[in-house]
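Spelled out from the first residue to the last, the chains are:
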Amino acid sequence: VLQAAMIDAGGNIKNPTLCMDAENDATTESVKKTCLAVKNAGTFEKTIIYPPFTPTSNPNDVAPGHLIFHEGVSIWQQDLFDFLGPRLAQNVPSQPPLVHN
């Protein structure tokens, strides 16, 4: 039910979207299908599926690939910066806004 709702919601996203997952997360299909819905709706998207991730510990026994976002920041952080950088630069005003007191 949640995966279907994510895919439906993906078709309504109007902002550029970066989708990331690791091959050994519980499923990569929901990420792929959600981002495909974003793309099919005409919104820019980028999907990155990383190789399997092995965490140093997994006390809650979740899919190991899910922990890439907790322990594997160094793996994906540059991809995030590369995605956000040009989009944030487009929205930087040429002059700081005036502050009225």
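Here goes a summary of the coordinates provided.

Let's talk about the pattern of salt bridges
Summed over all chains, the structure comprises 1 salt bridge. Between glutamate 29 and lysine 32 there is a salt bridge; the shortest N-O distance is 3.8 Å. Note that glutamate 29 and lysine 32 are positioned in helix H2 (residues 29-40) at a spacing of 3 residues, about one turn of the helix. Take lysine 32: its relative accessible area is 38%, and that puts it in the partly exposed class.

Examining the environment of glutamate 29
Overall, glutamate 29 belongs to the partly exposed group, its relative accessible area being 39%. Sequence-wise, glutamate 29 and glutamine 3 are 26 residues apart; in three dimensions their C-alpha atoms are separated by 9.1 Å.

Some points on the side chain of threonine 34
Looking at the secondary structure, you find threonine 34 in helix H2. Threonine 34 gets classed as buried once you look at its relative accessible area, which sits at 10%.

Reading the values: the criteria
Residues numbered from 1 in each chain as written. Predicted model: local features only at pLDDT ≥ 70, side-chain atom pairs only at ≥ 80, totals over all residues. Heavy atoms only, no water. Salt bridge = Lys/Arg side-chain N within 4 Å of Asp/Glu carboxyl O. Helix = DSSP H or I, 4+ residues; strand = E, 2+ residues; numbered from the N terminus. Buried < 20%, exposed > 50% of the residue type's maximum accessible area, 1.4 Å probe, protein only.

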